[in-house]
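Below, each chain spelled out in residue letters.
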Amino acid sequence: MQECRVLVVEDDPTQRELLVELLQEEGFNVSSAPSAERALSFFQKKRFDVVVTDVRLEGMSGLELLERLKELDSAVEVIVITAFSSVEDAIKAIKAGAFHYVTKPFEPEVLLNLVAKACQLASLRRPSKECCGIVYASKQMEEVVRQASLFAKSDAPVLITGESGTGKELLARFIHKESGRKGPFIAVNCAAIPKDLFEAELFGYERGAFTGATSSKAGLVEEAEGGTLFLDEVGELPLELQPKLLRFLQEGEFRRVGDTKLRRSNVRIVAATNRDLEGLVSEGLFREDLFYRLSVLNLRVPPLRERPEDVPVLIGHFLEKYSDKYKKEVKLSPEALSLLLSYPYPGNVRELENLIHRIVVLSQGEVTPQLVETLLGSKSSRSSFEVDFSRPLPEQVAQFEKRMIEEALKRTNYVQTKAAKLLGIDEKSLRYKRKKYGI
């Protein structure tokens, strides 16, 4: 989880210090204020994800503070602490937009659990960046986009690698847009064209070149003149067709099928694959010279499991997108959001978008955890650990350990003592590991 900014508002110095220490031990970024007035002053200078406030404060009350905070930022989540006898205050707080309330005296785990859930909801609204449909908040994707912008200034071929559903075509479109090329962006799926038609589709053909060629036709290369030709799933290109693509990349020249005229083309080639091309080269299934021609510049799009910071902003983005599309007001319950954040998404961004699309279509108001579990089915319990020899063993062990801790916390409703017992470690070790992995 990304860093969550929490503001504690409590006029009793001892209680305030205890609350701050409790939350800091769990890894929250905590500030404190002795009054509602000071809290408002802090909030105008720095935005917080969650505010924890007592109802009974000297001067402005916690309920008045709640109303003022919602006027400043409707997205802030507020947790109200009330006395056991002040149930009326709790009801007023919920009606005014509070996330939840806690009655004194309370167990520390209760407050920690509520703050954790409030932070998860706040994470949906964290600032994100977007370009050509690529929505992200992680440093990994920021670097990928930065490199893509740099590569766009060149005419050299770019090879984009990454698992299915990570957004390789969106990145190719971004490169085209940033390049300033006046011609169109033409995408072709190399796996979808029959091999006996590939050359004609790519380079065009003349009338009478083969049975059924009743007229001349320009190929995709000519259609993309002055622009970008995107070769998706280039790893699926049959071996016997690869020399034809290689020659075009080397010389920038081609002939239509059935024509003797040599034509030149000013087109930028961007290719993408979810396969290990170097492995295919070693197996003799992909030409080494073509591989090096395609990968003059190389971009790897990391899978979603390697950039968990992007998951909440993508959930928020797709939730807004499809809510607007269907003219529905859809909200995620904290429990439903926890399920969505803990799922590994083996299908990456494409799977996440499809899931949110279905959730919006099927939901009525607040999204329940039951709906999410139904849509995920048996997949929700599937382990995200996969054998991947491109990453060292210690890195994969750490990833697996992090997932186990996250799952244990989810199953125990984020009660740390119970999670530690489930994992078979002491609470101090769990606290250390949570800090280490940013959980």
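Above this text is the structure in question.
Residues numbered from 1 in each chain as written. Predicted model: local features only at pLDDT ≥ 70, side-chain atom pairs only at ≥ 80, totals over all residues. Heavy atoms only, no water.

Novice: Which parts of the structure should I look at to understand the pattern of salt bridges?
Specialist: Two side chains with opposite charge may pair up if their charged atoms get near one another. If you walk through the whole model with that rule in mind, you get 25 salt bridges. For the salt bridge of R173 with E169, the shortest nitrogen-to-oxygen distance reads 3.0 Å. Linking R173 with E169, this pair stays in helix α7 (residues 168-179), spanning 4 residues, or about one helical turn. Residue E169 is classed as partly exposed on the basis of its relative accessible area of 31%. Across the salt bridge formed by E222 and R263, the nearest N and O atoms sit 3.9 Å from each other. (Salt bridge = Lys/Arg side-chain N within 4 Å of Asp/Glu carboxyl O. Helix = DSSP H or I, 4+ residues; strand = E, 2+ residues; numbered from the N terminus. Buried < 20%, exposed > 50% of the residue type's maximum accessible area, 1.4 Å probe, protein only.)

Novice: Honestly, the layout of surface pockets in this entry has me stumped. Any pointers?
Specialist: Unoccupied space between atoms shows up once a probe the size of one water molecule is rolled over them. By volume, the second largest pocket is sized at about 870 Å³. In terms of lining residues, the second largest pocket is bounded by 30 residues, among which E77, L121, R125, K331 and L332 are the most central. Taken together, the elements giving at least two residues each to the lining of the second largest pocket come down to α5 (108-123), α13 (310-325), β17 (331-332) and α14 (334-342). With 6 residues, the single largest contributor to the lining of the second largest pocket is α13. Across the lining of the second largest pocket, the residue classes break down as 11 nonpolar, 8 polar and 11 charged. (1 Å grid on protein atoms, 1.4 Å probe; cavity = no way out; pocket = protein on both sides within 12 Å on 5 of 7 lines; lining within 4 Å. Points joined across faces, edges and corners; volume = space filled by probe spheres on them. Nonpolar A, V, L, I, M, F, W, Y, C, P; charged D, E, K, R; others polar.)

Novice: Which parts of the structure should I look at to understand the environment of R68?
Specialist: Within the secondary structure, R68 is located in helix α3 (residues 62-72). Sequence spacing of R68 and L40 is 28 residues, and the spatial spacing of their C-alpha atoms is 7.9 Å. Those residues in contact with R68 that sit more than four places away from it in its chain are L40 and M60. (Contact = heavy atoms within 4.5 Å.)

Novice: What is the right way to read helix α19 (residues 427-437) from this model?
Specialist: Residues lying three or four places apart along an α-helix face the same way, a consequence of the helix completing one turn every 3.6 residues. Within the sequence span of α19, burial applies to L430, K433, R434 and Y437. The arc enclosing the buried residues of α19, seen along the axis, measures out at 105°, which places them on a common side. Of the exposed residues in α19, those oriented more than 90 degrees away from the buried face are K428, Y432, K435 and K436. Looking at the buried positions of α19, the neighbouring elements they touch are α17 (393-411) and α18 (416-423). Of the residues that open α19, the one with a side-chain oxygen 3.2 Å from the backbone nitrogen of K428 is D426. Of the residues flanking the end of α19, it is G438, one or two places downstream, whose phi is positive at about 70°. (Arc of directions from axis to C-beta. Polar contact = N/O pair within 3.5 Å; in protein donor to acceptor, adjacent residues only side chain to side chain.)

Novice: I keep staring at the packing of α13 against α14 and nothing clicks. Help me out?
Specialist: Helix-helix packing is characterised by the crossing angle of the two axes and by the distance between the axes. The N-to-C vectors of α13 and α14 enclose an angle of 125°; their axes lie 10 Å apart at closest approach. Considered as vectors, α13 and α14 are oriented oblique to each other. Of the two elements, α13 crosses α14, and the hand of that crossing is right-handed. On α14, the residues touching V311, P312 and I315 of α13 are L337, L340 and L341. Of the residues that constitute the contact of α13 with α14, the class distribution is 6 nonpolar, no polar and no charged. (Axes fitted to C-alpha atoms, helices over the stretch in contact; angles between N-to-C directions. Parallel < 35°, antiparallel > 145°, perpendicular 65-115°, else oblique. Left-handed = near helix turned anticlockwise from the far one by under 90°.)

Novice: Even after reading the chapter, I still don't get a negative patch on the surface, so can you show me in this structure?
Specialist: On the surface, E37, E64, E67 and E71 cluster together to form a negatively charged patch. With 3 residues, the top contributor of residues to the negative patch is α3. In this fold, E71 is placed in helix α3. (Patch = residues over 30% accessible without salt bridge, like charges linked within 9 Å, V, L, I, M, F, W, Y side chains within 5 Å. Areas by Shrake-Rupley, 256 points an atom, 1.4 Å probe, with all protein chains shown as cover. Lys, Arg positive; Asp, Glu negative; His and termini not counted. Charge placed at Lys NZ, Arg CZ, Asp CG, Glu CD.)

Novice: What is the right way to look at the side chain of D54 in this model?
Specialist: Along the chain, D54 falls in strand β3 (residues 50-54). Residue class for D54 comes out buried when judged on its relative accessible area of 5%. A distance of 3.4 Å separates a polar side-chain atom of D54 from the backbone nitrogen of R56. Here the side chain of D54 touches K104 through a polar contact of 2.7 Å, side chain to side chain. Each residue touching D54, except ones within four places of it in the same chain, is listed here: V9, E10, G62, I81 and K104.

Novice: Even after reading the chapter, I still don't get the sheet that holds strand β12 (residues 228-232), so can you show me in this structure?
Specialist: Sheet strands pair via backbone hydrogen bonds, and the direction of the pair is either parallel or antiparallel. The strand order β9-β12-β15-β8-β16 describes an open sheet built from 5 strands, whose pairing is parallel. Lying at the two open borders of the sheet, with one neighbouring strand each, are β9 (185-189) and β16 (297-300). The sheet shows a mean angle of 20° between the axes of neighbouring strands, taken without regard to direction. Pairing geometry for strand β8 (residues 158-161) and strand β15 (residues 268-273), over 4 bridges, is parallel. If you follow L159 over to β15, its bridge partner there is A271. Packing of helix α6 (residues 139-152) onto the sheet brings it into contact with β8, β15 and β16, and relative to β16 it is tilted by some 160°. (Pairing = 2+ DSSP bridges.)

Novice: Got a minute to help me understand the sheet that holds strand β1 (residues 5-9) in this structure?
Specialist: Read from one edge of the open sheet, 5 strands run β2-β1-β3-β4-β5, paired in parallel fashion. Looking along the sheet, the strands with just one partner apiece sit at the ends: β2 (29-33) and β5 (100-104). With direction set aside, neighbouring strand axes in the sheet form an average angle of 20°. In terms of strand pairing, β1 meets β2 through 5 bridges, oriented parallel. Residue pairing in the sheet places R5 in a bridge with N29 of β2. Sitting on the sheet, helix α1 (residues 13-25) is in contact with β1, β2 and β4 (77-83), with an inclination near 170° to β2.

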